[in-house]
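Listed below, chain by chain, are the residues.
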Amino acid sequence: MRDSPDNFVLLHYAPMHGLTNRSPLPVLVLQEEGGLGVYLRPGWQTGLTQEDCDYLNGLTEDWMKLPTTESQALLCQLAELSIGPLRVVEAGKVEAKQRQDLIARVSDEE
């Protein structure tokens, strides 16, 4: 575990294909030693259309495959999102000792 703070962006995903009765889905993108980590709550697919699931799966897979050298640029781009299905909730740095709290917040958010 690193001692320096890690950059993160917390996003909310609002379904693109039809309205559902669910609140926006939290998506945490966190700088990690080997690149980026993407965290979603367990069972995140529930209530989403197949198109929305495919969209999010594709995005998150692409983000996690980025070379470490490009991860900071992606985090900066994500922190500026203001239109589309993904919206910024919070962006910043998190200390190592608060990382698990941030991840748990995403996992528990309904």
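Above this text is the structure in question.
**Some words on the overall build of the protein chain**
Secondary structure summary: the protein chain contains 3 helices and 4 strands in total. When its helices and strands are written in sequence order, the protein chain yields β-β-β-α-α-β-α. The C-alpha radius of gyration of the protein chain comes to 14 Å, within 12% of the 13 Å expected for a compact globule of 110 residues. C-alpha atoms of the protein chain, sized along the principal axes, occupy 40 × 25 × 20 Å.

**Let's talk about the environment of L36**
Structurally, L36 is set in strand β3 (residues 35–40). Separated by 58 residues in the primary sequence, L36 and V94 place their C-alpha atoms 14 Å from one another. The contacts of L36, once residues within four sequence positions are left out, are V29, L30, Q31, W63, M64, L66, S71, L74 and L75.

**Things to note about helix α3 (residues 96–108)**
The periodicity of an α-helix, 3.6 residues per turn, causes residues three or four places apart in sequence to face the same way. Restricting attention to buried positions, one finds in α3 the residues A96, R99, L102, I103 and V106. The arc enclosing the buried residues of α3, seen along the axis, measures out at 95 degrees, which places them on a common side. The outward face of α3, more than 90 degrees from its buried face, is lined by the exposed residues K97, Q100, D101 and D108. Those residues of α3 that are buried lie in contact with β1 (6–13), β2 (25–32), β3 and β4 (86–94).

**Some details on the nonpolar core**
Among the nonpolar cores identified, the biggest contains 17 residues, and L11, Y13, V27, V29, L48, W63 and L78 are the most heavily contacted of them. Breaking this core down by element, the ones donating at least two residues are β1, β2, β3, α1 (50–65) and α2 (68–78). Setting aside residues up to four positions removed in sequence, L11 forms contacts with L25, P26, V27, V29, W63, L78, L81, L86, R87, V88 and V89. The next biggest cluster of nonpolar side chains, apart from the first, holds 8 residues, and it includes L10, L28, V94 and V106.

Cut-offs applied
- Residues numbered from 1 in each chain as written.
- Predicted model: local features only at pLDDT ≥ 70, side-chain atom pairs only at ≥ 80, totals over all residues.
- Heavy atoms only, no water.
- Helix = DSSP H or I, 4+ residues; strand = E, 2+ residues; numbered from the N terminus.
- Rg over C-alpha atoms; globule rule 2.2 N^0.38 Å.
- Contact = heavy atoms within 4.5 Å.
- Buried < 20%, exposed > 50% of the residue type's maximum accessible area, 1.4 Å probe, protein only.
- Arc of directions from axis to C-beta.
- Core = buried A, V, L, I, M, F, W, Y, C linked by side-chain atoms within 4.5 Å.

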